[in-house]
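Structural overview
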Amino acid sequence: MGRYVIRRLLQMVPVFIGSTFLIFFMVYALGDPVAALFGDKAPDPATAARIRRELYLDEPLWKQYGHYMGQILSGDFGTAFNGQKVTELMADAFPVTLRLTLVAILFEIVIGITLGVLSGLRRGRSVDTSVLLLTLIVVSIPTFVSGYVLQYLFGVKWGIVSPSVSPEAPFDELLLPGIVLALTSLAYVTRLSRTSIAENSRADYVRTAVAKGLPRRRVVTRHLLRNSLIPVVTFIGTDVGALMGGAIVTERIFNIHGVGFQLYQGILRQNSPTVVGFVTILVIVFLLANLFVDLLYAVLDPRIRYA
Amino acid sequence: MTQQYEKAAAAVPLLDVRDLHVEFRTRDGVAKAVNGVSYSVRAGETLAVLGESGSGKSVTAQAVMGILDSPPGRITGGEVLFRGQDLLTMGAEARRRIRGAKLSMIFQDALSALNPVMSVGAQLGEMFSVHDGMTRKDSRDKAVQLMERVRIPAAAERAGDYPHQFSGGMRQRIMIAMALALEPDLVIADEPTTALDVTVQAQIMDLLAELQREYNMGLILITHDLGVVADVADRIAVMYAGRIVETASVHELYAAPAHPYTVGLLGSIPRLDHKGKELYAIKGLPPSLTDIPAGCPFNPRCPRAQAICRTDRPPLFDVAPGRASACHFWKETLDDAG
Amino acid sequence: MPELDPSDPDAAVIPADGAASSLATSDAATLEDGPLPGAPASGKARSLWSDAWHDLRRNPVFLVSALIIVFLVLIALWPGLIASGNPLQCDLAKAQEGSQPGHPFGFDTQGCDVYTRTVYGARASITVGICATAGAALLGSVLGGLAGFFGSWWDALLSRIADIFFGIPIILGGLVFLSVVTSGSLWPVVGFIVLLGWPQISRIARGSVVTAKQHDYVQAARALGAGDTRLLLRHIAPNAVAPVIVVATIALGTYIALEATLSFLGVGLKPPTVSWGIDISNASTQIRNAPHMLLWPAGALSITVLAFIMLGDAVRDALDPKLR
């Protein structure tokens, strides 16, 4: 197991370098970070040249990247447009997005798995058909549409929740944004659980469990569910990383000051350190979530042995 | 006294399947998988059910066990009497208590029939904790004893292993241990050795026969392998297109088959004394179960078919005591064979 | 990016074997009896495709979604067919007014006719969707197919490259990429979606080619001396293409949603291009006063995405005999 973890960590290195370099390339090579620093004003040529030198912008791109990564590894993420350290922005933003993601994941687990299991066990009946249709509709409505509609209905029209989230972003205010963020994944989790349950309920070992004279309840919980939920659990695991990166739209709708909000500001103001820094952390989170899922797989499914 | 008791017990068969009908809804229409099958098994007796794929031999067993896939499968008629009680009209809970405890089943492919994410010890122990209400610890000990009983080496250490960690033969031993855990009255073995190597097949059949003698169980052995049948079975039921076409004792059937289909089956086994001669093959394919031919279902493939075979469905004619054949020309078939 | 990830987990579970069954049915009749003895013995060996078509023609989900898509393509080509106005001709005096004769959907903040803009918005969505899917499917299936067929270092390299693209959250990548390529026209958006979309298709294509390659008939063709090109084109591709088609159809729907999301965030399409995403973005600030401005473009967008996803779903059900 230990060797496997090390091998997987080593495999992640090129992916990490590739992903961050790609973002770095887009921001620093395709954009113009110095011009962005001055906003609408035309920069003084001497100052611009000095900044270029300080930021190693006159070096070849791979050297700039190496320099930047060196700084990041020593904990220096640079400065944001308002003079704040990027690390300070992160310290404020990441806990907020983490809470939002947690709420979303909880919805996926509770609602998604319950609906999926119910419809999988009643395959072909009306419950199943309506759940399937519902998931298709949910998947088809883009987050920014469902976000505004739910915000309007719950926040404005019925006044059940506050339409925007305060800067502290406590859990109760994150319930509605959490649902919005979770919706599409929730539909996937439902469909995945349903398919998995439906396929496994025809499996030979389920038939064996029935032939052993086990009560139906035990057949479902001990035999069917344990096998069927392996792919679901792993999907939810990878989704942690994806949701954190995908919270940008939700955070914008509900004015949540999380990672997506900061990134959006960084992109609008073309503040390169903010953008590259946040994306780097998100890529790391994403990769670690995938590693975690791989290890989880081994725990859940004894057939998988890592040499 | 004992003799008399045994005689009385023998009078009521352990399992008595009467006129069973099973249908499947398929995309091509309703498939009549089992059409009026009747057979019975007594304690200590081995009945071999022989037939090609699609003959309905496994479906019959699934209907008896109550593990038919439904939908699409549906029992449309008949009775399944277990010790005189009809399983089909019994309540679900009462039936569940019989399943696994009194009436159990061994499946063909132990790798897929065992739960991949549960240790074999837990899967065996489950039988005791669910049916006998044993504690976890006790059922675990019983599981190890069972594994020793079916001669799995180092049983105590291996009880925590998962099915994929065992060889095919060892897995089938676990399957057998599970079916025999509660010393059932009747075991249905559905092609128990088909998935195994030839050398392992013999060991598994010997083990099964040994345990059957020890517990005096009834055994239904579903197979398409005539070689296995000759060694272990007492009686044979040959199935074709969802019907029993011939029943006989093993000796009678091998000596002189009374149905042309059985003749064909026996003729298609390679034999050393026939070396150099052409191997016999039954011409044609089994009929589609959605469209079974009128008259005798075997008539399109039968070398003996006459006009009557295409119009009149032959009932099971009594050929001799305890022996029957569903052929209009059973006498001729028997004479030719003899 | 889960809200727009076209990798439907269902699709990932199933399609690899979807193609395999066309051969499996013919020899199943001689094997052991399964739970469904009637089906294999029928002797009517239909091909995978004609079987699928047989199913699809009777599937109301397929018929409805296909009808919607045909309609959408028609109005994308000729919006004048059902909308006589000009989407860019607006009258500020009528800003945010509701439904009135000749203007059933009312007016937006600039006083443009919402009905006309909704009809004209189909063009951008359909164009981006079809072009991006065609590009991603072509690139992905060629690269993935070759990787699956030839294996070795090429396969390993491609997997790592795909991993790199998977590592970037898609909306984030879109924001960064499109904010520096600031043209606001269709083609950078299409290019970006192809760039981040092909790895998903290539994984599917790779998987189904690897599955197809292992089939006996391919081994047999190879043993009979068929060359690589012939093997790939005549024997493997026809059997590996089904899952790619399914995933691409579903992806088309999600690409349309992705374009709208990027336009909504202000980095995708920009005016004067008419796009549902832009209109929804403009309407979102006025949702309290004039919900109709949001309702129509959002509804049109959702129905379009739904139609493609339903189509993909129906095609998958038809091509996947396991779930029948």
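As the structure is a computational prediction, the values presented were derived from the model and not from experiment.

Turning our attention to the nonpolar core. Grouped burial of nonpolar side chains is what soluble globular proteins tend to show. Among the nonpolar cores identified, the biggest contains 261 residues, and Met175(B), Ala177(B) and Ile193(C) are the most heavily contacted of them. With 18 residues, the single largest contributor to this core is helix α11 (residues 228-264) of chain C. Residue contributions to this core reach at least three from each of two domains, namely domain 1 (2-73) and domain 2 (94-300) of chain A. The residues contacting Ile193(C), other than those within four sequence positions of it, are Ala132(C), Ala136(C), Tyr255(C) and Leu258(C).

The next subject is the sheet that holds strand β1 (residues 15-26) of chain B. Residues and elements named next belong to chain B. One open sheet accounts for four strands, arranged β2-β1-β4-β5; its pairing is antiparallel. The open sheet has two free edges, formed respectively by β2 (29-41) and β5 (85-86), since each of these has just one partner strand. Across 10 bridges, the pairing between β1 and β2 is antiparallel. When the sheet's bridge partners are listed, Arg-25 is paired in β2 with Val-30.

As a further point, take the sheet that holds strand β8 (residues 218-223) of chain B. All names here are of chain B. Pairing is mixed across the open sheet formed by eight strands, whose spatial order is β6-β7-β8-β3-β9-β10-β12-β11. Edge positions in the sheet fall to β6 (103-106) and β11 (317-320), since each of these pairs with one other strand and no more. Each strand of the sheet is rotated relative to its neighbour by a mean of 25°, with strand direction disregarded. By the bridge criterion, five bridges tie strand β7 (residues 186-190) to β8 in an arrangement that is parallel. Note on β8: the bridge partner recorded for Asp-190 is Ile-222. Together, β3 (46-50), β6, β7, β8 and β9 (235-240) form the strand contacts of helix α2 (residues 57-65), whose direction differs from that of β7 by roughly 145°.

Once that is clear, we can look at helix α8 (residues 168-180) of chain B. All names here are of chain B. Under the 1.5 Å per step criterion, the end-to-end length of α8 is 18 Å for 13 residues, consistent within 8% with the ideal 18 Å. The complete set of buried residues in α8 reads Met-170, Arg-171, Gln-172, Arg-173, Ile-174, Met-175, Ile-176, Ala-177, Met-178, Ala-179 and Leu-180. Along its buried surface, α8 packs onto β6, α4 (110-113), α5 (120-131), α6 (136-149), β7 and α9 (198-215).

Let us now look at the domain arrangement of chain A. Residues and elements named next belong to chain A. The domains assigned to chain A are domain 1 (2-73) and domain 2 (94-300). The gap between the C-alpha centroids of domain 1 and domain 2 is 33 Å. Opposite the 15 residues of domain 1 that make contact, domain 2 presents 13 residues. Listed by contribution, the elements that provide at least two residues to the side of domain 1 that touches domain 2 are α1 (2-30), α2 (33-37) and α4 (61-73).

Further remarks concern the environment of Ser40(B). Locating Ser40(B) in the fold gives a position in strand β2. Each C-alpha atom of the pair Ser40(B) and Thr262(B) lies 20 Å from the other, and the pair is 222 residues apart in sequence.

Once that is clear, we can look at the confidence of the model for chain B. Averaged over every residue, the pLDDT of chain B is 87; the share at 70 or more is 94%. As a predicted assembly, this complex carries a pTM of 0.81 together with an ipTM value of 0.87.

On to the interface of chain A and chain C, then. Taken together, the contact pairs 44 residues of chain A with 40 residues of chain C. When contributions to the side of chain A that touches chain C are tallied by element, the ones reaching two or more residues are α1, α6 (126-140), α7 (143-157), α8 (175-200), α10 (216-246), α11 (248-253), α12 (259-268) and α13 (272-300) of chain A. It is α1(A) that provides the largest number of residues to the side of chain A that touches chain C, a total of nine residues. Looking at the side of chain A that touches chain C, its residues break down into 32 nonpolar, 10 polar and two charged.

Within the UniProt annotation, "domain: ABC transporter" (unreviewed entry) is assigned to residues 17-266 of chain B. Between the C-alpha atoms that bound residues 17-266 of chain B there is a distance of 26 Å. The span itself is 40% helix and 27% strand.

Conventions and cut-offs
- Residues numbered from 1 in each chain as written.
- Chains lettered and ligands numbered in written order.
- Predicted model: local features only at pLDDT ≥ 70, side-chain atom pairs only at ≥ 80, totals over all residues.
- Core = buried A, V, L, I, M, F, W, Y, C linked by C-beta atoms within 7 Å.
- Buried ≥ 20, exposed ≤ 12 C-beta atoms within 10 Å, placed from the backbone.
- Helix = DSSP H or I, 4+ residues; strand = E, 2+ residues; numbered from the N terminus.
- Domains from an automatic or database assignment.
- Contact = placed C-beta atoms within 7 Å.
- Pairing = 2+ DSSP bridges.
- Axes fitted to C-alpha atoms, helices over the stretch in contact; angles between N-to-C directions.
- Expected span 1.5 Å × (residues − 1).
- pLDDT = per-residue confidence, 0-100.
- Nonpolar A, V, L, I, M, F, W, Y, C, P; charged D, E, K, R; others polar.
- UniProt positions renumbered as here; feature names shortened; annotations may be inferred.

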